[in-house]
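As a plain string of letters, each chain reads:
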Amino acid sequence: MRCPHKKDLIFIRTFGILILSCITIKTNLCFSSNPSLKTLNVDGKFEFDDVHTAAKDFGNRFHYLPAAILHPKSVSDIAITIKHAGNSELAVAARGHGHSLEGQAQVYQGVVVNMESLKSFEMEFDEELKFVDVSGGELWIDILNQSLKYGLAPKSWTDYLHLTVGGTLSNGGISGQAFRHGPQISNVLQLEVVTGKGDVVNCSKAQNADLFHGVLGGLGQFGIITKARIALEPAPDMVKWIRVLYSDFETFTRDQEHLISAENTFDYIEGFVIINRTGLLNNWRSSFNPQDPVQASHFESDGRTLFCLELAKYFKTSKKDNINEEVMRLLSRLRYISSTLFVSEVSYIQFLDRVHVSEVKLRSKGLWEVPHPWLNLLVPKSKIQNFAQEVFGNILTDTSNGPILIYPVNKSKWDNRTSAVIPDEDIFYLVAFLTSAVPSSTGTDGLEHILTQNRRILEFCKTERLGVKQYLPHYTTQEEWQAHFGSQWKLFVQRKSAYDPMAILAPGHRIFQKAISFL
């Protein structure tokens with residue numbers, strides 16, 4: 001491989017990860033595909049030719065070709081590779097189901113570890129203690145399918161289940177259950193981690209606790225999660241799935257905050273925003289059955305911004321007689337538009353895997369593999385009204401490019417020892433702009449227009465000092481990362497120095513950078 005020309009050098013300077021002040025590493029950029037990888041004695045295999053799949057993710061905006069892809073068959077394969085990478089000045093990134101948004105699981109001319117190759121590990125259930133040991137490359141949908149055979153299920157979920165355990169635990173894992181159970185990182189009992197030194201370490205709150213907490217929400221910076229012990233609970237059979245509409249944001253948020261604070265409440269609470277829609281709002285109820293109330297199915301919008309509250313109540317089939325009464329009692333305390341009540345009854349697995357139905361439809365139309373310039377924010381409760389007034393009232397003109405989720409969670413359900421960064425208030429909101437861009441468009445559904453909107457939202461948050469934190473964060477400078485972590489930055493740097501002193505792990509986040517020597 002030729003040495004990089006001037007344009008390549010600028011690319012590497014711009015998109016490399018940032019440097020720890022106490023670490024200096026020289027890298028010769030005039031390398032080949034590192035033929036020494038071929039001599040490593042691993043149970044799996046390295047792929048050197050067809051590496052393009054590892055240079056693409058769900059965001060579909062960043063594409064960095066690795067030198068090789070490791071398809072491990074054992075944890076030792078990963079440990080051996082990381083140790084070799086440390087000696088060979090190669091970066092390593094763990095890749096799950098490829099759902100990263102901005103190249104976080106990619107690595108330029110390094111090694112991508114295909115974590116789904118570890119899915120062959122058998123799940124080990126303990127029905128009495130209610131936990132399951134799973135591979136870090138296992139998909140949550142597969143864990144659900146298997147755990148239901150024992151009448152059990154994990155407590156906390158993401159909205160989309162076709163993600164790997166290691167991927168969501170490296171970020172947080174948030175959905176409509178987080179107000180009660182916390183994110184997925186609050187429901188892990190034990191981890192097996194391969195550190196940036198190549199050490200295989202078992203950790204928990206009682207054993208190697210610093211690594212355990214550091215890895216959870218740690219963006220892959222301290223180690224690769226190869227196994228996780230996930231807490232389980234008895235699983236319901238069915239779900240009452242409900243949607244109602246609001247025209248007043250303050251009423252909408254007041255009801256949401258009441259629900260997440262009540263002792264007896266729904267099991268799942270989310271919401272979303274509908275901006276500048278006219279006519280029948282069929283898409284907001286697309287998951288519901290044709291027999292829904294005629295009055296609600298004919299509800300029309302005159303272009304007002306509306307807010308949809310989405311709720312779910314889980315139940316066992318044997319207790320079906322009481323569930324309708326309980327749901328109506330809970331709904332009677334809310335102040336939604338009375339003509340917009342939709343109620344549907346589905347199986348538990350149908351409800352949890354609901355997003356996959358949309359994925360199948362989009363794939364059939366060729367609309368899945370498009371750029372997804374998503375923006376996920378955590379907004380303090382005290383600032384959510386200011387945020388909504390500007391963002392939903394002025395910056396955004398419509399929601400035709402994808403849903404906007406908005407719902408509150410309780411800080412008390414998060415463990416402040418983990419690496420996850422959240423606002424410093426008892427209640428904060430997840431606001432997720434889940435947009436899709438039309439590749440050829442230069443209009444409002446085009447990539448540049450959406451990215452400009454995202455920048456305006458972030459600039460408003462910064463200028464008004466709203467105390468907003470990014471979820472699934474993406475920054476390009478050390479100053480931005482330091483501001484993101486705030487008081488946690490020092491500990492984050494200390495953990496990096498302790499567990500990945502060569503700074504070889506997860507370079508796609510661009511947090512820590514090796515010093516580069518040009519020959």
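Look a little higher up for the structure.
Here we summarise the structure given alongside this text. What you are looking at is a predicted structure, and each value in this text was computed from that prediction instead of being measured. (Residues numbered from 1 in each chain as written. Predicted model: local features only at pLDDT ≥ 70, side-chain atom pairs only at ≥ 80, totals over all residues. Heavy atoms only, no water.)

**Some thoughts on helix H14 (residues 478-485)**
For clarity, the cut-off: Categorising residues by exposure relies on relative accessible area from a 1.4 Å probe, with only protein chains included: less than 20% of the type maximum marks a residue as buried, more than 50% marks it as exposed, and the intermediate range marks it as partly exposed. A run of H or I in DSSP becomes a helix once it reaches four residues, and a run of E becomes a strand once it reaches two; helices and strands are each numbered from the N terminus. The arc refers to the directions leading from the helix axis to the C-beta atoms.
Those residues of H14 that sit buried are Trp-481, His-484 and Phe-485. Viewed along the axis of H14, the buried residues span an arc of 90°, placing them on a single side of the element. Pointing more than 90 degrees away from the buried face of H14 are the exposed residues Glu-479 and Ala-483. A positive phi of about 55° marks Gly-486, the residue just after H14.

**Quick notes on the sheet that holds strand S17 (residues 375-380)**
Heads up, the condition is: What makes two strands pair is DSSP finding at least two bridges between them. What counts as an axis is a line fitted to C-alpha atoms, over the stretch in contact for a helix, and the angles between N-to-C directions run from 0 to 180 degrees. Every residue pair with non-hydrogen atoms within 4.5 Å of one another is taken to be in contact.
With antiparallel pairing, 8 strands are arranged side by side in an open sheet as S16-S11-S15-S12-S18-S19-S17-S20. A strand with exactly one partner marks an edge of an open sheet, and here the two such strands are strand S16 (342-347) and strand S20 (469-471). Neighbouring strand axes in the sheet, compared pairwise and without regard to direction, differ in orientation by 25° on average. In this sheet, S16 lies alongside strand S11 (residues 238-246) in antiparallel orientation, the contact comprising 6 bridges. If you follow Ile-242 over to S16, its bridge partner there is Val-343. The strands touched by helix H7 (residues 249-261) are S11, strand S12 (268-274), strand S15 (306-315), strand S18 (404-410) and strand S19 (427-433); relative to S18, the strand with the most contacts, the crossing angle is about 40°. Helix-sheet contacts for helix H12 (residues 384-395) involve S12, S15, S17, S18 and S19, and the interaxial angle to S19 is about 20°.

**Here's the deal with the nonpolar core**
To be explicit about the condition: Within this scheme, the nonpolar core is defined by two criteria: the residues are buried Ala, Val, Leu, Ile, Met, Phe, Trp, Tyr or Cys, and they are joined through side-chain atoms within 4.5 Å.
Counting residues in hydrophobic clusters, the biggest one holds 76 residues, and the most contacted among them are Trp-140, Leu-169, Leu-191, Ile-230, Tyr-348 and Phe-351. Not counting residues up to four positions away in its chain, the partners in contact with Trp-140 are Pro-154, Trp-157, Leu-161, Leu-163, Thr-164, Val-165, Thr-168, Leu-169, Gln-184 and Ile-230. Core analysis: the next-biggest nonpolar cluster, separate from the first, contains 44 residues, Tyr-246, Phe-252, Phe-315 and Leu-377 among them.

**With respect to the pattern of salt bridges**
Here is the rule we go by: We define a salt bridge as a side-chain nitrogen of Lys or Arg found within 4 Å of a carboxyl oxygen belonging to Asp or Glu.
Scanning all chains against the criterion turns up 19 salt bridges. Across the salt bridge formed by Arg-354 and Asp-159, the nearest N and O atoms sit 2.9 Å from each other. One end of the pair, Arg-354, is in helix H11 (residues 354-364); the other, Asp-159, is in the loop between strand S7 (152-154) and helix H4 (165-169), and 195 residues separate them in sequence. Taken as a pair, Arg-354 and Asp-159 share a single burial class, namely buried. One salt bridge connects Arg-335 with Asp-255, and the closest N-O pair in it is separated by 2.9 Å. With Arg-335 in the loop between helix H9 (320-331) and S16 and Asp-255 in helix H7, this pair connects stretches of sequence that are 80 residues apart.

**A short note on the pairing of strand S6 (residues 131-135)**
In terms of burial, S6 is a largely internal element, 5 of the 5 residues being buried. Summarising the sheet, strand S5 (residues 124-126) and S6 pair through 3 bridges and their orientation is antiparallel. Residue pairing for S6: Phe-125 is matched across the bridge by Val-132. Taken together, S5 and the strand that follows it, S6, pair antiparallel across an intervening segment of 4 residues, in which Lys-130 is found at a positive phi of about 60°. Bridging between S6 and strand S10 (residues 223-234) involves 5 bridges; their strand directions are antiparallel. Looking at S10, one finds that Phe-131 is bridged to Ala-231.

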